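Below are the chains, spelled out letter by letter.
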Amino acid sequence: MGKRNRAATLPTNLPQLQNLIKRDPVSYKEDFLQQFRHYESQLTIFKLKPDEDAEDFGSLVTFISQVDNKKEEKGPRVYAKYLWFSMKEFDVAQCYPEETKAFPQQIIDILSENYQIMHPELRRTLAQGTSGSGGDLARQGKELFKQEMSENAVAAKKSLDVCIELYKKNVWSDDKTVNVIAEACFHPVTKIKVTALKFFLGSNEEEESGSSSEDDVVDIRKLQHINHINKKTKSKARKMEKALATMRKKAKQKHKAESFNFSALHLLNDPQGFAEKLFSILQQSSNNDRFEVKLMTMNLISRIIGIHKLMLLGFYPYIIRYLQPHQRDVTLVLAILAQATHELVPPDVLEPVVKAIANGFVNDRCAAEVMIAGLNAIREICTRQPLAIDATLLQDLTEYKSDRTKGVMMAARSLIALYRELNPELLHRKDRGRTVSMNMKDYKPLQYGEVKVVTEEVTDEVTGEKRKLDSTQHEELSDVVDVNTIIGPRKKAKQDYEERVESVRAGREGREKYGAHKDKRAEGSSTTNKEKIRNKAFMMVVHKRNTLTMKKMSLRKKQIQLRKQQAKKKR
């Protein structure tokens, strides 16, 4: 009796039939074919009226897409959110591959032709139920993305987001995906352009990893002290555990290597043409992008130049206009300039840039922070192209080795240590050091395009003074210059008034019982002298100068004084 009832309800109970087919596909093949024929008839009806909410058709699509998968082997599934396709790996094996081989293409054609007029729920159902050959769907999906990238701004943004997400998940990690994203860097819509630029610059990972702001930093010792003094409660214990977990997470992120999309930059079909096109757009007088967008564009251009060793000689004179100490984000501009430098850049192109940095940043009229940034930027440029500076300018900069500011002194000495290794002939004799002076015959200055390979050899003959070379000489040069490298080591900045008040308030947490009973932070609870005078009896303040003056004031003067007081409160 139970079997007859179950057989009678199978045509209408699709979830139960789906479960039975996954357990025993052979026994329930006829039932599946019956539902599949029903799907084909509903598909024909739907093509006539694609704007209607066909619930039965959507249920059949969900049923077939689930039955078409069996959890035994590994393979790809393709789905899309709303009208876009994305991929994830999971365990599937087709139960009826011959009968359903045309099913994925049918759904793709429906979505491609009717996605703008389809009902949202049905569109979501069809998109989530798509499954089939991963290679064909990937190819067709990329063609769809490339087409939508040039038609509709909303569709282009959604396509770009999906492409980036698939690349991060290592689903579409080929050169075609990267070049589709690269085309978005030239999109007229700023939001789409910024998304593509952030992908190549790796800013998305930085934002996700640094989602917790510095305001959420918790002082562990302070919490331990509060818990030790105050009453032990479960809420305080949970707060302490949460703070410890946050600290451990940040400690892991601190030691995590910085990640950039180098693989994406290496997969560009024409990096020279891509960089030239970006630079031409940057130079256009009609370019009305904000400074932040221009800075991101310059950063991407410099990173491509450094990775692929490109020749874009007009980029270096262009960036000189931003080399001013008062320029916003000037440290990032200096880092961008250092990134774009490599051994194949002609020294004649870089010499004006180095002189502009020396004249604008390294002089006695500049602040110590400005001089440190200028010297560190010159060092990073000369590390990549030692011929970018002449002997006269180098010897002038090394005179700051005895500066009273420690940061300036360290930056100048790092420049001396660099040229002791690369070309000691450009230094003063007194700056070469004893070991280098004894072995001057062994040093050969680098020629244009030549790279010096540092080899460490231990010999018994050299017993003189041992000096530690700069770590950048022993390690491979990074293609990315960090802004902190330009800024250099700095002391903790002095707190302003708001930060001091916030620090005082943070120290008062958990100590309410030791203070006054009246909460001074509440609205209208001030205890200033003016408030105290208002609450006093009139006979106690009648002899005060302000009271006597108020008696003699005219009505007009009282109005003027009242307006001044009100304006002062608004400040």
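Residue positions are given per chain, counted from 1 along the sequence in the order it is written. Local features are withheld for residues below a pLDDT of 70 in this predicted model, meaning they are given only at 70 or higher, and side-chain atom pairs are given and counted only at 80 or more; totals for whole chains, interfaces and linings count all residues. The side-chain figures draw on all heavy atoms in the structure; neither hydrogens nor water molecules are used.

**Digging into helix 20 (residues 368–384)**
In a regular helix each residue adds 1.5 Å, so 17 residues correspond to 24 Å; helix 20 covers 25 Å between its end C-alpha atoms and thus fits that length. Buried means the residue's accessible area, taken with a 1.4 Å probe over protein chains only, is under 20% of the maximum for its type, while exposed means over 50%, and partly exposed covers the values in between. The helix and strand labels rest on DSSP assignments: H or I over at least four residues marks a helix, E over at least two residues marks a strand, and numbering proceeds from the N terminus. Along helix 20, 15 of the 17 residues are buried, which leaves the element largely enclosed by surrounding structure. One fewer than the residue count of a helix, multiplied by 1.5 Å, yields its expected span.

**Thoughts on the environment of Val481**
Assignment of secondary structure puts Val481 in the loop between helix 24 (471–474) and helix 25 (483–487). For the pair Val481 and Ala377, spaced 104 residues apart in sequence, the C-alpha separation works out to 9.7 Å. Contacts were defined at the residue level, with two residues in contact if any of their heavy atoms lie within 4.5 Å. With near-sequence residues (within four places) excluded, Val481 lies in contact with Ala335, Ala338, Gln339, Glu380, Arg384 and Ile486.

**What about the packing of helix 18 (residues 330–339) against helix 20?**
Interaxial angles span 0 to 180 degrees and are taken between N-to-C directions of axes, which are lines fitted to C-alpha atoms, for helices over the stretch in contact. Here helix 18 crosses helix 20 at 10°, and the two axes come no closer than 9 Å. Our classification of the angle between helix 18 and helix 20 gives roughly parallel. Between helix 18 and helix 20, the residues in contact are Leu334, Leu337 and Ala338 and Ala373, Ala377, Glu380, Ile381 and Arg384, respectively. Classification used: nonpolar for Ala, Val, Leu, Ile, Met, Phe, Trp, Tyr, Cys and Pro, charged for Asp, Glu, Lys and Arg, polar for all others including Gly. In terms of residue class, the contact of helix 18 with helix 20 is made up of six nonpolar, no polar and two charged. Each angle gets one of four labels, with under 35 degrees taken as roughly parallel, over 145 as roughly antiparallel, 65 to 115 as roughly perpendicular, and the rest as oblique.

**Topic: helix 16 (residues 291–308)**
Between the first and last C-alpha of helix 16 there are 26 Å, a value that for 18 residues agrees with the 26 Å anticipated at 1.5 Å per step. Of the residues flanking the end of helix 16, it is Lys309, one or two places downstream, whose phi is positive at about 55°.

**Digging into the packing of helix 19 (residues 347–361) against helix 20**
As a packed pair, helix 19 and helix 20 sit with axes 9 Å apart at the nearest point and diverge in direction by 165°. One element, helix 19, and the other, helix 20, form an angle in the roughly antiparallel class. Of the two elements, helix 19 crosses helix 20, and the hand of that crossing is left-handed. Here Val354, Ile357, Ala358 and Phe361 of helix 19 come into contact with helix 20, specifically with Val370, Met371, Gly374, Ile378 and Ile381. Tallied by class, the residues present in the contact of helix 19 with helix 20 amount to eight nonpolar, one polar and no charged. Crossing chirality is assigned from the near helix's rotation relative to the far helix, an anticlockwise turn below a right angle marking it left-handed and a clockwise turn marking it right-handed.

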